Amino acid sequence: MALIEQAILATARSMFLADGFDGVSMEKIAAATGITRTTLYSRYATKSDLFRSVVRETLARWYAVSRVEATDCVTDIGQILHLRVADMASLLVDPLFRGLHALILLNRHRFPDLAPLMHDLGYLNAVRLLANDIRAAAQRDGIPVARPEAVAEHILTAVHGWFLQYDLVRELTAQDIEAHGREVVDLMLLARDRW
């Protein structure tokens, strides 16, 4: 059952990304997955339900993955934040992420629940992750921190906002984004006593 579910979601995701929401039918998805329409409809009553499931599953999988293990053995807050912006850079250039992000933006009026979901599972999850790193480092280093969430938001928006602007005019690599992110982190660290 789980394998069938994974196959349905993977096939539907590929088809939605390639042809958009309107360019895909449930019949095409069932045929491409190698299942009957009855099997597909028994799991998803509508194409909209399937689309929402594809988005939710993809977002949950992406945002569950982080360098938690890598930061477990690193105690320097600068190194930890550099690892986090490297993860962010990799995600921002991932074709699947970019495609899904564009698909959600294009269909946000049809699916008003999905953009907030991406915001919650993506942005707010990243804020929490960074804020927890900042809190742990503050405790470890004996340096008080008043607003760890605000610091996390400043880092994330500085990196993501820069990406959005420069991605319009040139092809950015993960290395480009990571280099900018490292500069942002280094500047923020200069003001650590004001966090």
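Residues numbered from 1 in each chain as written. Predicted model: local features only at pLDDT ≥ 70, side-chain atom pairs only at ≥ 80, totals over all residues. Heavy atoms only, no water.

Re helix α6 (residues 77–93)
The test is simple: Each helix is a run of H or I in the DSSP string that is no shorter than four residues. Each strand is a run of E no shorter than two, and both are numbered from the N terminus. Expected span of a helix, by definition, is 1.5 Å for each gap between consecutive residues, and there is one gap fewer than residues. Categorising residues by exposure relies on relative accessible area from a 1.4 Å probe, with only protein chains included: less than 20% of the type maximum marks a residue as buried, more than 50% marks it as exposed, and the intermediate range marks it as partly exposed. Side-chain atoms alone can form a polar contact between residues adjacent in sequence; in general such a contact is a pair of N or O atoms within 3.5 Å, and within protein one must be able to donate a hydrogen while the other accepts it.
A rise of 1.5 Å per residue sets the reference length of α6, with its 17 residues, at 24 Å; its end C-alpha atoms lie 25 Å apart and thus fit the reference within 8%. Taking burial as the measure, the 17 residues of α6 include 12 buried ones, the bulk of the element. Among the residues of α6, those classed as buried are Ile77, Gly78, Ile80, Leu81, His82, Leu83, Arg84, Val85, Ala86, Met88, Ala89 and Leu92. If you check the start of α6, you find a side-chain oxygen 3.1 Å away from the backbone N of glycine 78, and it comes from aspartate 76.

Comments concerning the packing of helix α1 (residues 2–19) against helix α7 (residues 95–106)
The following threshold applies: Note on geometry: axes are lines fitted to C-alpha atoms, helical ones only across the stretch in contact, with angles between N-to-C directions running from 0 to 180 degrees. When describing relative orientation, an angle under 35 degrees is termed roughly parallel and one over 145 degrees roughly antiparallel, while 65 to 115 degrees is termed roughly perpendicular and anything else oblique. Rotating anticlockwise by less than a right angle from the far helix to the near helix defines a left-handed crossing, while the corresponding clockwise rotation defines a right-handed one. Note on contacts: a residue pair is in contact if any heavy atoms of the two residues lie within 4.5 Å. When residues are sorted by character, Ala, Val, Leu, Ile, Met, Phe, Trp, Tyr, Cys and Pro go into the nonpolar class, Asp, Glu, Lys and Arg into the charged class, and all the rest, Gly among them, into the polar class.
Viewed as axis vectors pointing N to C, α1 and α7 meet at an angle of 70 degrees, and their least axial separation amounts to 10 Å. Judged by the angle between their axes, α1 and α7 are roughly perpendicular. Judged by the sense of rotation from one axis to the other, the crossing of α1 with α7 is left-handed. Here α1 contributes Arg13, Phe16 and Leu17 to the contact with α7, which in turn contributes Leu96, Gly99, Leu100 and Leu103. Residues that form the contact of α1 with α7 fall into these classes: 5 nonpolar, 1 polar and 1 charged.

So, the environment of aspartate 186
As for its placement among the helices and strands, aspartate 186 is situated in helix α10 (residues 174–190). For aspartate 186, a relative accessible area of 36% gives the class partly exposed. With 104 residues separating them in the primary sequence, aspartate 186 and histidine 82 have C-alpha atoms 8.8 Å apart. A polar contact of 2.9 Å, which involves the side chain of aspartate 186, links it to the side chain of histidine 82.

Examining helix α9 (residues 148–166)
Owing to its 3.6 residues per turn, the α-helix aligns residues three or four sequence positions apart on the same side. The end-to-end C-alpha distance of α9 is 27 Å, a good match for the 27 Å that 19 residues give at a rise of 1.5 Å each. Every buried residue of α9 is accounted for by Pro148, Ala150, Val151, Ala152, Ile155, Leu156, Val159, Trp162 and Phe163. Packed against the buried residues of α9 are α6, α7, α8 (114–141) and α10.

Some thoughts on a nonpolar patch on the surface
Using the following cut-off: Each patch is built from salt-bridge-free residues with over 30% relative accessible area, joining like charges within 9 Å and nonpolar side chains (Val, Leu, Ile, Met, Phe, Trp, Tyr) within 5 Å. Per-residue and other accessible areas were derived by the Shrake-Rupley procedure at a 1.4 Å probe size, with only the shown protein chains allowed to occlude residues. For salt bridges, the criterion is a side-chain nitrogen of Lys or Arg within 4 Å of an Asp or Glu carboxyl oxygen.
A contiguous nonpolar patch, built from Tyr166, Leu168 and Val169 and spanning about 340 Å² of accessible area, is present on the exposed surface. Within the secondary structure, valine 169 is located in the loop between α9 and α10.

Structural notes on the packing of aromatic side chains
This is how it is decided: Between rings of Phe, Tyr and Trp, where Trp is taken as its six-membered ring, a pair exists when centres lie within 6.5 Å; planes separated by under 30 degrees are stacked, by over 60 edge-to-face, and by other angles tilted.
Scanning the entire structure with this criterion turns up 6 aromatic pairs. Ring centres of phenylalanine 21 and phenylalanine 51 lie 5.3 Å apart, and the angle between their planes is 70 degrees; on these two criteria the pair is classed as edge-to-face. With a gap of 30 residues between them, phenylalanine 21 in the loop between α1 and α2 (26–33) and phenylalanine 51 in helix α4 (residues 47–64) connect regions that are remote in the sequence. Of the two residues, phenylalanine 21 and phenylalanine 51, neither departs from the other in class, the shared state being buried. Between the aromatic rings of tryptophan 162 and tyrosine 166, the centroid separation amounts to 5.2 Å while the plane-to-plane angle is 35 degrees, which identifies the pairing as tilted. With a gap of 4 residues between them, tryptophan 162 and tyrosine 166 both fall in helix α9, about one helical turn apart. For tryptophan 162, a relative accessible area of 17% gives the class buried.

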